[in-house]
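# Per-entry structural report
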Amino acid sequence: MDSLLRGRANGGVSIRAMQPAVSARVLRTLALSETKRMARAHTQPVHSIAIDRARGRFMLSAGADTSVQLYDLDSAETTATCARQIARKQQVPPGAGHTRLVTSVEWYFADSGMFSTGSFDNTLRVWDAGEMTEACRFDLGARVNRHQMSTTGAHMLIAVADESEHVRLCDLASGAFAQSLPVHGQGTSAVAWSPTEPYVLATGANNGSVKLWDIRRTDSQRQHLPAPSDSKVGDLFFARDGIHLVSIGLGVGVGRRLRKWSVLGPSQGALVFDLPASAPAGAVASAASARSLQAACTSASDGLTAGCEAVFVPNGDTAVAAMDVGDGTQLALLDGHLSQATCAAWRPGHLELFTGGADGNILVWCPPARETLSEAQAQARTDTWSDDEG
């Protein structure tokens with residue numbers, strides 16, 4: 001890094017060449033926030049969190065207690081243990097909506113007035129965020145593992161991965177099923193819309209199969225990407241360029257792995273990156289067969305971090321690994337949960353990462369802040385963490 005700085009000062013290194021190194025350096029400084037904290041709102045494991053794309057202000061969380069919590073990230077109060085604590089703004093209380101574990105939550109692309117949730121109660125539900133009331137429901141007849149709304153706003157379709165032999169496309173405009181893709185015989189665990197081709201969908205299965213679809217075609221399947229059959233797809237996402245697809249495998253007997261494909265041209269083998277583990281190998285192996293996880297990616301509009309596309313992946317124990325999507329380099333290992341980390345969400349424009357865990361907590365990660373705790377707050381926080389660990 002120092003050599004790059006000298007080269008830039010001498011005019012020998014361009015800004016474009018400098019940006020990836022600067023971005024990676026910023027991401028390596030991420031640490032558990034000392035001044036900002038999320039008030040505990042869940043009584044059981046958190047399985048999904050989402051931050052609205054339109055403003056980056058509102059966050060949703062959901063999990064095993066069947067509730068859905070809504071937070072205003074710009075609204076915080078000073079407490080005895082924290083300079084800024086964010087409490088829930090509204091909620092769908094346990095039992096008032098879904099009747100079983102909520103596996104995924106998604107904001108509508110265009111604004112923060114609507115969101116959707118999927119659950120093990122076999123339903124996908126659409127909600128009015130202002131009133132926290134149900135607006136629409138799709139009965140799938142199978143447990144929902146993951147779903148995703150359009151990331152571009154080009155259409156009103158929600159892709160749903162469930163335990164059936166098909167991926168269903170739910171149409172918000174009509175309130176009906178628009179299409180059914182005969183995807184995987186053992187159920188689907190992950191779906192992802194392309195950020196550059198709005199009608200291209202990627203699907204990942206419980207048996208490790210990864211496929212690419214163009215839903216406008218009669219023969220919708222476009223590509224079948226080679227992947228090991230003993231590694232369930234935990235999550236799936238496109239890189240910013242839309243050219244590369246990344247899957248996170250939950251292999252049996254091994255740690256979690258990232259596989260990166262090019263979706264241009266004929267199917268080829270994937271680049272494979274092993275995720276680092278903060279727990280003994282046996283602990284990671286036992287956790288690797290868990291249900292789907294939720295990873296998060298940095299945004300191209302983030303300024304300081306725009307030069308490095310990073311993904312944050314719960315690595316099978318109490319930590320979340322930050323990895324460079326370009327070359328698989330580990331940037332950081334964020335270890336702070338009291339039990340298994342399950343999900344992550346990046347807040348664009350704020351250099352903040354939020355992670356959820358089986359401990360029911362949501363943690364905030366950011367570069368070291370200039371703001372500090374008072375002596376009384378620091379002591380009170382130390383006492384609180386000591387009580388939690390006891």
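Look above for the structure.
Notes on the structure follow. It should be emphasised that the depicted structure is a prediction, and the values quoted were computed from it without experimental measurement. Within any chain, residue numbers begin from 1 and follow the written order of that chain's sequence. Per-residue local features are limited, in this predicted model, to residues with pLDDT of at least 70; the limit for side-chain atom pairs, both in listing and counting, is 80 or more; totals at the level of whole chains, interfaces and linings are taken over all residues. Working from all heavy atoms in the structure, the side-chain values ignore hydrogens and water.

### What to know about the sheet that holds strand 28 (residues 341-347)
Basically, it comes down to this: We call two strands paired when DSSP finds no fewer than two bridges between them. Secondary structure follows DSSP: runs of H or I at least 4 residues long count as helices, runs of E at least 2 residues long count as strands, and numbering of each begins at the N terminus.
Taken in spatial order, the four strands of this open sheet run 1-30-29-28, and their pairing is antiparallel. Two strands lie at the open edges of the sheet, namely strand 1 (31-32) and strand 28, each paired on one side alone.

### Examining the layout of surface pockets
Put simply, the rule is: Definitions used throughout: a 1 Å grid over protein atoms alone; a cavity as a set of points that fits a 1.4 Å probe which cannot get out; a pocket as an open set with protein on both sides within 12 Å along at least five of seven lines; a lining residue as one with an atom within 4 Å of a point. Grid points are joined across faces, edges and corners, and a volume is the space filled by probe spheres set on the points. Residues are grouped as follows: Ala, Val, Leu, Ile, Met, Phe, Trp, Tyr, Cys and Pro are nonpolar; Asp, Glu, Lys and Arg are charged; every other residue, Gly included, is polar.
Of the pockets and cavities examined, the largest pocket occupies roughly 1,000 Å³. Of all elements in the fold, only strand 3 (46-51), strand 8 (102-107), strand 12 (144-149), strand 16 (188-193), strand 20 (231-238), strand 24 (296-297) and strand 28 reach the threshold of two or more residues within the lining of the largest pocket. Residue composition of the lining of the largest pocket, by class: 22 nonpolar, nine polar and six charged.

### Section: the sheet that holds strand 11 (residues 133-139)
Which entries qualify depends on this criterion: Note on definitions: angles span 0 to 180 degrees between N-to-C directions of axes, and those axes are lines fitted to C-alpha atoms, for helices only across the stretch in contact.
The antiparallel open sheet is built from four strands, whose spatial order is 8-9-10-11. In this open sheet, the two edge strands, each paired with only one partner strand, are strand 8 and strand 11. Each strand axis lies, on average, 20° off the axis of its neighbour in the sheet, ignoring direction. As paired strands, strand 10 (residues 123-128) and strand 11 are joined by six bridges and run antiparallel to one another. The residue bridging Val126 from the neighbouring strand is Cys136, located in strand 11.

### So, the nonpolar core
What counts, and what does not: The nonpolar core is taken to be a set of buried Ala, Val, Leu, Ile, Met, Phe, Trp, Tyr and Cys residues, with the residues joined through side-chain atoms within 4.5 Å. For every residue, the accessible area obtained with a 1.4 Å probe (protein chains only) is divided by the maximum for its type, and the residue is called buried under 20%, exposed over 50%, and partly exposed between those limits. Whether two residues are in contact is decided by their heavy atoms: any pair within 4.5 Å suffices.
One finds Leu27, Leu30, Phe312, Leu331, Leu334, Trp346 and Leu353 to be the most contacted residues of the largest nonpolar core, which totals 20 residues. Elements supplying a minimum of two residues to this core: helix 2 (15-28), strand 25 (310-314), strand 26 (319-324), strand 27 (330-335), strand 28 and strand 30 (362-366). Excluding residues within four positions of it along the chain, Leu353 makes contact with Ala296, Phe312, Leu334, Ala344, Ala345, Trp346, Leu363, Val364 and Trp365.

### Considerations on the packing of aromatic side chains
As a reminder, the rule being used: Within 6.5 Å between ring centres, the rings of Phe, Tyr and Trp (the latter by its six-membered ring) count as paired, and their orientation is classed by plane angle as stacked under 30 degrees, edge-to-face over 60, tilted in between. Whether a charge lies above a ring is judged from NZ of Lys or CZ of Arg, which has to be within 6 Å of the ring centre and within 35 degrees of the ring normal.
One pass over the full model with this rule turns up four aromatic pairs. Both rings, one in Trp107 and one in Phe115, keep their centres 5.9 Å apart while their planes meet at 65°; by these two values the pair is edge-to-face. Each member of the pair, Trp107 as well as Phe115, is classed as buried. Taking the centre distance of 5.8 Å and the plane angle of 50° together, the rings of Phe138 and Phe177 count as tilted. Of this pair, Phe138 sits in strand 11 while Phe177 sits in strand 15 (residues 176-181); the two residues are 39 residues apart in sequence, bridging distant segments of the chain. You can call Phe177 partly exposed: its relative accessible area is 40%. Through pairs of rings, three or more aromatic residues link up here, namely Trp107, Phe115 and Trp127. Across the ring face of Phe120, the terminal group of Arg143 is positioned such that the distance to the ring centre comes to 4.2 Å. In this arrangement the basic side chain of Arg168 is found over the ring face of Phe177, its NZ or CZ atom lying 5.8 Å from the centre.

### Here's the deal with the side chain of His98
Short version of the rule: For the purposes of these results, a polar contact is taken to be a pair of N or O atoms within 3.5 Å, where, inside protein, one atom must be able to donate a hydrogen and its partner to accept one; residues adjacent in sequence count only when each atom of the pair is a side-chain atom.
Relative to the elements of secondary structure, His98 occurs in the loop between strand 7 (88-92) and strand 8. Reaching out from His98, the side chain makes a polar contact with the side chain of Thr123 at a distance of 3.3 Å. Reaching out from His98, the side chain makes a polar contact with the side chain of Arg125 at a distance of 3.3 Å. Once you skip the residues sitting within four places of it in the chain, His98 turns out to touch Thr66, Thr117, Gly118, Ser119, Asp121, Thr123, Arg125 and Trp127.

### Some thoughts on the pairing of strand 14 (residues 167-171)
Judged by how many residues are buried, strand 14 sits mostly within the fold: five of five residues are covered. Going residue by residue along strand 14, you find Val167, Leu169 and Asp171 tucked away on one face and Arg168 and Cys170 tucked away on the opposite face as well. Pairing of strand 13 (residues 157-162) with strand 14 involves four bridges; the strand directions are antiparallel. By the bridge assignment for strand 14, Ala159 is matched with Leu169. In this antiparallel pair of consecutive strands, strand 13 and strand 14, the connection spans four residues. With five bridges joining them, strand 14 and strand 15 adopt antiparallel strand pairing. Residue pairing in the sheet places Val167 in a bridge with Leu181 of strand 15. Between strand 14 and strand 15, which pair antiparallel one after the other, the connecting turn spans four residues, and Gly175 there sits at a positive phi close to 75°.

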